[in-house]
Amino acid sequence: MKVFIKVMKALSDSNRVKMIKMLQHKPMCVCEIQTALGIAQSTASKHLKILEDADLVTSFKNGLWVNYGLSDGSASPFAANMIGNLKHWLEDEQEIKELNKILPNIDRHDIVNKN
């Protein structure tokens, strides 16, 4: 029961659901996620930690970058089920459509060079 509740709580925030939807397209770093959602880096990191603790997201290091991607669901059948269903859910939502439009134009190298 505890694992189920953790997964459901992790998906109870709209920004975290948007993160899952974005990570369906490609692994992303925190700076790309924060740019896409228009939130602070610390907020994005906190949301990613909650998703990672619920086994919905994994992180992996690539040089200096920490990338986040969808979990394979092997650690939790509840997480696996929700990841699988979310691939088909919410595609017609306006906020998701807008994110899908801007994602190809968000690049970590451009973000870092602006700062």
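Quick notes on the rules
- Residue positions within a chain follow its written sequence, with the count starting from 1.
- Per-residue local features of the predicted model are confined to residues with pLDDT of at least 70, and side-chain atom pairs are confined, for both listing and counting, to 80 or more; whole-chain, interface and lining totals are unaffected and use all residues.
- Hydrogens are left out, water is left out, and the side-chain values use all remaining heavy atoms of the structure.
- For two strands to be treated as a pair, DSSP must find at least two bridges joining them.
- The numbering of helices and of strands both runs from the N terminus, where a helix is a DSSP run of H or I of at least 4 residues and a strand a run of E of at least 2.
- The criterion for an aromatic pair is that two Phe, Tyr or Trp rings (for Trp, the six-membered ring) have centres within 6.5 Å, with stacked assigned to planes under 30 degrees apart, edge-to-face to planes over 60 apart and tilted to the rest.
- We call a charge positioned above a ring when the Lys NZ or Arg CZ atom is no farther than 6 Å from the ring centre and deviates by at most 35 degrees from the ring normal.
- The criterion used for residue contact is that any of the two residues' heavy atoms lie within 4.5 Å.
- Interaxial angle, 0 to 180 degrees, is taken between N-to-C directions of lines fitted to C-alpha atoms, where a helix line uses only the stretch in contact.
- A score between 0 and 100, pLDDT records how confident the predictor is in each residue.
- The term polar contact refers here to a pair of N or O atoms within 3.5 Å; inside protein, the definition further demands a hydrogen-donor-capable atom paired with an acceptor-capable atom, and it admits residues adjacent in sequence only when both atoms are side-chain atoms.
- For a helix, the expected span equals 1.5 Å multiplied by the number of residues minus one.
- For every residue, the accessible area obtained with a 1.4 Å probe (protein chains only) is divided by the maximum for its type, and the residue is called buried under 20%, exposed over 50%, and partly exposed between those limits.
- By arc we mean the arc of the directions from the helix axis to the C-beta atoms, nothing more.
- Angles are sorted into four bins: roughly parallel if under 35 degrees, roughly antiparallel if over 145, roughly perpendicular if 65 to 115, and oblique for all others.
- When residues are sorted by character, Ala, Val, Leu, Ile, Met, Phe, Trp, Tyr, Cys and Pro go into the nonpolar class, Asp, Glu, Lys and Arg into the charged class, and all the rest, Gly among them, into the polar class.

Some details on the pairing of strand E2 (residues 57-62)
Right, on to step 1. By the bridge criterion, 6 bridges tie E2 to strand E3 (residues 65-70) in an arrangement that is antiparallel. Each bridged residue has a counterpart across the sheet, and for Ser59 the counterpart in E3 is Tyr68.
Right, on to step 2. The turn joining E2 and E3, which pair antiparallel and follow one another in sequence, is formed by 2 residues; a positive phi near 65 degrees is taken by Gly63.

Considering the packing of aromatic side chains
Right, on to step 1. Using the criterion set out here, one finds 1 aromatic pair in the structure.
Right, on to step 2. Taking the ring centre of Trp65 as reference, the NZ or CZ of Arg108 above it sits at 4.8 Å.

So, the environment of Leu23
Right, on to step 1. Inspection of the secondary structure assignment puts Leu23 in helix H2 (residues 14-23).
Right, on to step 2. Placed 84 residues apart in sequence, Leu23 and Asp107 show a C-alpha to C-alpha distance of 14 Å.

Some thoughts on the sheet that holds E3
Right, on to step 1. In spatial order, the strands read E1-E3-E2; together these 3 strands make up an open sheet with antiparallel pairing. Every interior strand has two partners, whereas the edge strands, strand E1 (28-29) and E2, have only one.
Right, on to step 2. Its contacts with the sheet put helix H4 (residues 41-53) on E2 and E3, and the angle it makes with E2 is roughly 115 degrees.

Some words on the confidence of the model for the chain
Right, on to step 1. When pLDDT is averaged across the chain, the result is 95; 99% of the residues are at 70 or more.
Right, on to step 2. Across the chain, element-level confidence peaks in H2 with a mean pLDDT of 98 and bottoms out in helix H7 (residues 108-114) with 87.

A word on the side chain of Ser76
Right, on to step 1. Looking at the secondary structure, you find Ser76 in the loop between E3 and helix H5 (77-86).
Right, on to step 2. A distance of 3.3 Å separates the side chain of Ser76 from the backbone nitrogen of Phe78, its partner in a polar contact.
Right, on to step 3. A polar contact of 3.1 Å, which involves the side chain of Ser76, links it to the backbone nitrogen of Ala79.
Right, on to step 4. Setting aside its immediate chain neighbours within four residues, Ser76 contacts Val3, Val7 and Asp55.

Quick notes on H4
Right, on to step 1. Between the first and last C-alpha of H4 there are 18 Å, a value that for 13 residues agrees with the 18 Å anticipated at 1.5 Å per step.
Right, on to step 2. All of the buried residues in H4 are Ala44, His47, Leu48 and Leu51. For H4, the arc enclosing every buried residue in end-on projection is 100 degrees, short of the 170-degree limit, so these residues lie on one face.

What about the pairing of E3?
Right, on to step 1. Bridge analysis of E1 against E3 gives 2 bridges, and the strand direction is antiparallel. By the bridge assignment, Cys29 is partnered in E3 with Asn67.

Considerations on the packing of H2 against H4
For any two helices packed against each other, the geometry comes down to the angle between their axes and how far apart the axes lie.
Right, on to step 1. Two elements in contact, H2 and H4, have axes separated by 10 Å at closest approach and are oriented at 75 degrees. By the angle between their directions, the pair H2 and H4 is classed as roughly perpendicular. Along the contact surface, H2 presents Asn15, Arg16, Met19 and Ile20, while H4 presents Ala44, His47, Leu48, Ile50 and Leu51.
Right, on to step 2. The residue makeup of the contact of H2 with H4, split by class, is 6 nonpolar, 2 polar and 1 charged.

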